[in-house]
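Structural features, examined
Take a look at the letters that make up each chain.
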Amino acid sequence: MTDPHPTLPDTDSLRVLAAQRLNRCGAQPPIGGDSGDLVCRTPITGGRMFFLPCAGAEQVEAAVSAAHATFTGWRTTPAPQRGRLVKRLGELLTEYREDLADLVTLEAGKIRSEALGEVQEMIDICDLAVGLSRQLYGRTMPSERPGHRLAEYWHPLGVVAVVSAFNFPVAVWAWNTAVALVCGDTVVWKPSELTPLTAVACDALLARAAADTGAPSGVHQLVLGDRATGEQLVDDARVALVSATGSVRMGREVAPRVAARFGRCLLELGGNNGAVVAPSADLDLAVRGIVFSAAGTAGQRCTTLRRLIVHEDIADRLVDRIVRAYHRLPVGDPFAAATLVGPLINARAHEAMAKALDRAQADGGKLLTGGEPLLRDQAPQARYVAPAVVRMPAQTAIVRTETFAPILYVLTYRTFEEAIALHNDVPQGLSSSIFTSDQREAERFLAADGSDCGIANVNIGTSGAEIGGAFGGEKATGGGRESGSDAWRVYMRRATHTVNYSAELPLAQGVDFL
Ligand code: UN1
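Under an unreviewed UniProt entry, the name given to the protein chain is Aldehyde dehydrogenase family protein, and the source organism is Streptomyces silvisoli.

Okay, here's the thing in structure tokens:
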């Protein structure tokens, strides 16, 4: 395994860097005493950077109240004017791109290029939302009655709670927030406990954008908290939409609680993404796509490629090339330019990976590469690990489970039907892809009886979606859609208007009365 940066930075220097970056974004570094409720660590060393105060129940209550009160004025602010706030936010995110990317690397351990990509994703969604602010289109329908007009209108929905995960600490927040704000909603954000600093920085930039554009500061509320904070938001009837990213287990708890109060949910839960590799695939391209999707972000994307379903005629050749590519993957300090794989987020993630690898091998899987811890001597608290490839005899329970770590299970198929069946035979349904040069196969993969996922790609990996499309998945992934296309509609309520401009009162369906 290549080690691009034998010396990891120390936690003190990372703490100083984090404070500087926060300062530049206009945020107060939450340095304080040596006690507090949230412990902010960097996965680069596993060391503690800051203690942060955890919001208590009263603070959460105050945040929802403020967001709710602000909503009553914000919803009647013309949408293009609301767009100005998001336009300014996009400008500030562009100006502080490097600082924010550094914070993403510090907190989430993403390599520099991916951290910059994540910030770019925020800027892109701001662009999209600004355009949307003049395009929140409703439809007109022909009325069956003379002298009547039938139309639908989209109104702001209310307070949106955004509960985000550590792996995309800011992009997923921006998908929700940029769109919700132009839709006339206000936002309460509960970021992951593991990534509070990027949240503090983004909140400060949004506050500045609000001040610069004359928008009310109350449109965005940040609550740093734990599970109880999330639960309070989930149960608050003033929260019209809970947009939550996280595990299937979390979604199973959130969905019925929000449904019980007739609130709305947007869930982006686990994925167990597969790629079918057909005999006609361009293997050079496939190897690159597979390695990026499977080992990139240290396997910690919802869209990470976890299952390779490869035709038996090319399996040995392809797997051999992937294993060789894995051996050349530089694992280490995510700030180092040569690194391609940073650390896992914490020890728990590593334990889950080790357990899954044991289980897979107990099921008859053959570990072809990876799994070993790296850089332990330098940073005993950090969790660097070599991405793993396991050849499986069958799609056993562990393969059907999402383990948030870089494990690629390899399965083989003989017929195309078998490949699709294997592909769809998992509880989750987020992202999928096929590598093939056969157009028929590609189209069959995308057809109604092909991939059952919310995202289906041809000749690219499963991760790295653009913001222009709707993002989300089916089955245990939760069914939500965020980001582009018409995902904005979930942030608004639809009103159907029927206007009678005649002097008669014809009833629909030809009913006679009075
Ligand atoms: C996630 O992992 O929660 O498609 C989001 C991608 C990114 C977003 C991932 N644009 O991989």
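Structure shown, so let's carry the discussion forward.
A look at empty space enclosed by the protein
This structure, assessed with the given rule, holds one cavity of 30 Å³ or more. When its volume is computed, the largest cavity comes out at roughly 80 Å³. Along its surface, the largest cavity is lined by 14 residues, and Ala108, Gly109, Lys110, Thr297 and Gln300 are the ones closest to its centre. Per-class residue counts for the lining of the largest cavity are seven nonpolar, five polar and two charged.

Side note on the layout of surface pockets
Remark: the empty space left among the atoms is shown by a probe the size of a water molecule rolled over them. The computed volume of the largest pocket comes to approximately 1,800 Å³. Looking at the largest pocket, it is lined by 46 residues, and the ones nearest its centre are Gly246, Ser247, Arg249, Met250 and Arg348. The set of elements that each furnish at least two residues to the lining of the largest pocket consists of helix H8 (227-235), strand E8 (239-245), helix H9 (248-260) and helix H12 (347-362). Residues that form the lining of the largest pocket fall into these classes: 18 nonpolar, 13 polar and 15 charged. Here the lining of the largest pocket spans two domains, since at least three of its residues come from each of domain 1 (56-269 + 478-494) and domain 2 (273-467).

Things to note about the UniProt feature "domain: Aldehyde dehydrogenase" (unreviewed entry) in the protein chain
Sites flagged by UniProt as "domain: Aldehyde dehydrogenase" (unreviewed entry) map to residues 38-494. Along residues 38-494, the helical share is 39% and the strand share 21%, with 40 Å between the first and last C-alpha atoms.

Let's talk about the sheet that holds strand E15 (residues 388-391)
Spatial ordering of the open sheet is given by E12-E15-E16-E11-E10-E18-E19, a layout of seven strands whose pairing is mixed. What marks the edges here is a single partner per strand, and that holds for strand E12 (366-369) and strand E19 (455-458). The average angle at which neighbouring strand axes cross in this sheet is 25°, direction not considered. Bridge count between strand E11 (residues 305-311) and strand E16 (residues 407-413): five bridges; the pairing is parallel. Along E16, the bridge assignment pairs Ile309 with Leu411. Each of strand E10 (273-277), E11, E16 and strand E18 (431-435) is contacted by helix H13 (residues 416-424), which is oriented at about 150° to E16, the strand it contacts most.

Some remarks on the site of the ligand
Around the ligand, a shell composed of Glu121, Asn167, Phe168, Trp175, Glu268, Arg301, Cys302, Thr303, Ser463, Gly464, Ala465 and Phe471 is seen. Interatomic distance of 3.2 Å between a side-chain N/O atom of Asn167 and an oxygen atom of the ligand. Separating an oxygen atom of the ligand from a backbone N or O atom of Gly464 is a distance of 2.8 Å. The residue makeup of the shell around the ligand, split by class, is five nonpolar, four polar and three charged. Two domains share the shell around the ligand, each providing at least three of its residues, namely domain 1 (56-269 + 478-494) and domain 2 (273-467).

Some details on the pairing of E10
Burial runs high along E10: five of the five residues are buried. Where E10 lies against E11, five bridges are found, and the strand directions are parallel. Paired with Val276 across the two strands is Ile309, which belongs to E11. This β-α-β element, E10 to helix H10 (residues 283-295) to E11, shows right-handed connectivity.

Rules of the game
Every chain begins its residue count from 1, and numbering advances along the sequence as written. Selection of residues for local features in this predicted model requires a pLDDT of at least 70, selection of side-chain atom pairs for listing and counting requires 80 or more, and totals for whole chains, interfaces and linings are taken over all residues. Side-chain numbers here rest on the full set of heavy atoms in the structure, without hydrogens or water. Cavities and pockets are defined on a 1 Å grid built over the protein atoms alone: a cavity is a set of grid points where a 1.4 Å probe fits but cannot escape, while a pocket is an open set with protein on both sides within 12 Å along at least five of seven lines, and lining residues are those with an atom within 4 Å of any such point. Grid points are joined across faces, edges and corners, and a volume is the space filled by probe spheres set on the points. Three classes are used, and their members are as follows: Ala, Val, Leu, Ile, Met, Phe, Trp, Tyr, Cys and Pro are nonpolar, Asp, Glu, Lys and Arg are charged, and the others, Gly among them, are polar. Counting from the N terminus, the helices are DSSP H or I runs at least four residues long and the strands are E runs at least two residues long. Throughout, the edges of the domains are those of an automatic or database domain assignment. UniProt positions are given in the numbering used here, feature names are shortened, and annotations may be inferred rather than shown by experiment. A pair of strands counts as paired when DSSP detects no fewer than two bridges linking them. For every element, the axis is a line fit to its C-alpha atoms; helices are fit only across the contacting stretch, and the angle between N-to-C directions ranges from 0 to 180 degrees. Any pair of residues with heavy atoms lying within 4.5 Å of one another is described as a contacting pair. Throughout, near means a residue has at least one heavy atom within 4 Å of the molecule or strand. The term polar contact refers here to a pair of N or O atoms within 3.5 Å; inside protein, the definition further demands a hydrogen-donor-capable atom paired with an acceptor-capable atom, and it admits residues adjacent in sequence only when both atoms are side-chain atoms. Throughout, exposure labels follow a simple rule: accessible area from a 1.4 Å probe, protein chains only, divided by the maximum for the residue type, with under 20% read as buried, over 50% as exposed, and the rest as partly exposed. Convention used here: a crossover is right-handed provided that the path from the first strand, over the helix, to the second strand proceeds clockwise when the strands point away from the viewer.

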